[in-house]
Amino acid sequence: MRKKFICGNWKMYKTTASALEFAEDFKKIYKPKEGIEVAIGAPFTQLKALKEAFKGTEVAISSQNIHWEDEGAFTGEISAPMLKEIGVDYAIIGHSERRQYFGETDETVCKRALKALEYGILPIICVGEKLEERDAGTHFDLVRRQCEYFLDRMTKEQAACITIAYEPIWAIGTGRTASPEQAEEMCAFIRGMAREIHGHELADKLIIQYGGSVKPANAHELLTQPDIDGALVGGASLKPDDFLAIINY
Ligand code: 13P
C-alpha cells in the first residue's frame, strides 16, 4: 500500500506572522494518521519559523524552489545547503507558475531535482498541460515529455525519492477541477511511464499527486482513485479547517 501525501502550496501568500497563526491553529486540530504524510510548501522567509513551530509534529515543510548550484551569483535564488541548514524536508520544483512566469524548463527542473536529492531534500516535481494542449489532444505527449526528461536522467534509487504532482494548468486556481476520471487517467499514464523507464517495483512505490482546485468537497472522489496518491493543494491549504478536511478526505 502506498502512503497518501497531502502537501499545501501556499505560493506567495502569508507573512511569517500569519504562517505562525496557521501553525498554532492547525496543531490544535491535526492528529497524525498512519499512512498519510502532510507537508506545507511555504515562501522562503516562513520556512525556518514553520520548521520550529511544527517541531515534534509529523508535519513536514517544503520550499517552493531550489537552485541547482551549491552557491554562486544567482540573485534571488535559494540553494540546497541553505534549505538543508534549516531542515527543509521537500522542495516543490517546476510548478507551472514557475515554468510560465520564470522561464523554468524541463532541463532546469531536472537540474534542481537532482541537486535537491544530493542534499536529501525530497523533490515534488510538477507537470501538467495547458488548456490548449488538452483541447488539441496533445496533453499525454506533453506530460510524457516533461516526465521522461527527469526520469531518464535519474537512477532508480533517485526516482524512488521523488513525488510527481500532476497539475493541469486549466484546473489551477480556476475552480475547474479535473474530473476524477481525467486525473486518474493521467496519473495512471505517468505511473506507466515510470514503469517503462524504471520497472515495476519503482512504479508501484511512486507517489503521484493531483493538484488543481482540490477542496474539501472534491477531495474524496479524487483521492480514492487507484493511481492518485495525494494532492498538491493551493488555495484550500491556506485555511487550517479546509486543509484538514482534505487530509481527512
Ligand atoms: P489551487 O488548489 O489553488 O487550484 O492551486 C493548485 C496548485 O497550483 C498547487 O500547487
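Preceding this paragraph is the structure being described.
The following refers to the structure shown.

Rules behind the numbers
- Residues numbered from 1 in each chain as written.
- Predicted model: local features only at pLDDT ≥ 70, side-chain atom pairs only at ≥ 80, totals over all residues.
- Heavy atoms only, no water.
- Helix = DSSP H or I, 4+ residues; strand = E, 2+ residues; numbered from the N terminus.
- Rg over C-alpha atoms; globule rule 2.2 N^0.38 Å.
- Buried < 20%, exposed > 50% of the residue type's maximum accessible area, 1.4 Å probe, protein only.
- Contact = heavy atoms within 4.5 Å.
- Areas by Shrake-Rupley, 256 points an atom, 1.4 Å probe, with all protein chains shown as cover.
- Lys, Arg positive; Asp, Glu negative; His and termini not counted.
- Charge placed at Lys NZ, Arg CZ, Asp CG, Glu CD.
- Salt bridge = Lys/Arg side-chain N within 4 Å of Asp/Glu carboxyl O.
- Axes fitted to C-alpha atoms, helices over the stretch in contact; angles between N-to-C directions.
- Parallel < 35°, antiparallel > 145°, perpendicular 65-115°, else oblique.
- Left-handed = near helix turned anticlockwise from the far one by under 90°.
- Near = heavy atom within 4 Å.
- Polar contact = N/O pair within 3.5 Å; in protein donor to acceptor, adjacent residues only side chain to side chain.
- Nonpolar A, V, L, I, M, F, W, Y, C, P; charged D, E, K, R; others polar.

A few points about the overall build of the protein
The number of helices and strands found in the protein is twelve helices and eight strands. A compact globule built from 249 residues should have a C-alpha radius of gyration of about 18 Å, and the protein, at 17 Å, falls within 12% of that. Considering only C-alpha atoms, the protein reaches an extent of 45 × 45 × 35 Å along its principal axes. Taking all 249 residues of the protein together, the buried fraction comes to 52%. Long-range contacts, defined as pairs at least 24 residues apart, comprise 73% of the intrachain contacts of the protein with a sequence gap of at least 6. Of the roughly 11,200 Å² that the protein leaves accessible, carbon and sulfur atoms contribute 53%. Side-chain charges in the protein split into 30 positive and 38 negative, and the spacing between the mean points of these groups amounts to 3 Å.

Some words on the pattern of salt bridges
Counting across every chain of the model gives 20 salt bridges. Residues Glu 97 and Lys 11 are paired through a salt bridge, measuring 2.8 Å at the closest nitrogen-oxygen approach. You can see Glu 97 sitting in helix H4 (residues 96-101) and its partner Lys 11 sitting in the loop between strand S1 (4-9) and helix H1 (16-29), a full 86 residues away along the chain. Residue Glu 97 is classed as partly exposed on the basis of its relative accessible area, which comes to 24%. The salt bridge involving Glu 77 is made with Arg 112; its shortest N-O contact spans 2.8 Å. Highlighted residues: Glu 77 in the loop between strand S3 (59-63) and helix H3 (80-85) and Arg 112 in helix H5 (residues 106-118), separated in sequence by 35 residues. A relative accessible area of 4% means that Arg 112 is categorised as buried. Three or more residues are tied together by salt bridges with common partners; here these are Arg 2, Arg 191, Asp 227 and Asp 229.

Digging into the packing of H1 against helix H2 (residues 44-53)
One can describe the packing of H1 onto H2 by two numbers: an axis separation of 9 Å at closest approach and a directional angle of 25 degrees. Between H1 and H2, the interaxial angle falls into the category roughly parallel. The two elements H1 and H2 cross, and the hand of that crossing is right-handed. Where H1 approaches H2, its residues Thr 16, Ala 19, Leu 20, Ala 23 and Lys 27 are matched on the opposing element by Thr 45, Gln 46, Ala 49, Leu 50 and Ala 53.

Notes on the site of the ligand
For the ligand, the full set of nearby residues is Asn 9, Lys 11, His 95, Glu 167, Ala 171, Ile 172, Gly 173, Gly 212, Ser 213, Leu 232, Gly 234 and Gly 235. Contact between the ligand and His 95: an oxygen atom at 2.8 Å from a side-chain N or O atom of the residue. The separation between an oxygen atom of the ligand and a polar main-chain atom of Ser 213 is 2.7 Å. Within the complex, 94% of the 310 Å² of free accessible area of the ligand lies under protein. Each residue belonging to the shell around the ligand can be placed in one class, and the counts come to three nonpolar, seven polar and two charged.

Structural notes on the side chain of Arg 134
Within the secondary structure layout, Arg 134 lies in helix H6 (residues 131-136). For Arg 134, the side chain forms a polar contact with the side chain of Glu 129, separated by 2.7 Å. Ignoring any residue separated from it by four or fewer positions in sequence, one finds Arg 134 in contact with Glu 129, His 139, Tyr 166, Trp 170, Gln 182 and Met 186.

A look at the environment of Leu 202
Along the polypeptide, Leu 202 turns up in helix H10 (residues 200-205). In this structure Leu 202 comes out as buried when scored by relative accessible area, which is 4%. With 45 residues separating them in the primary sequence, Leu 202 and Glu 157 have C-alpha atoms 8.5 Å apart.

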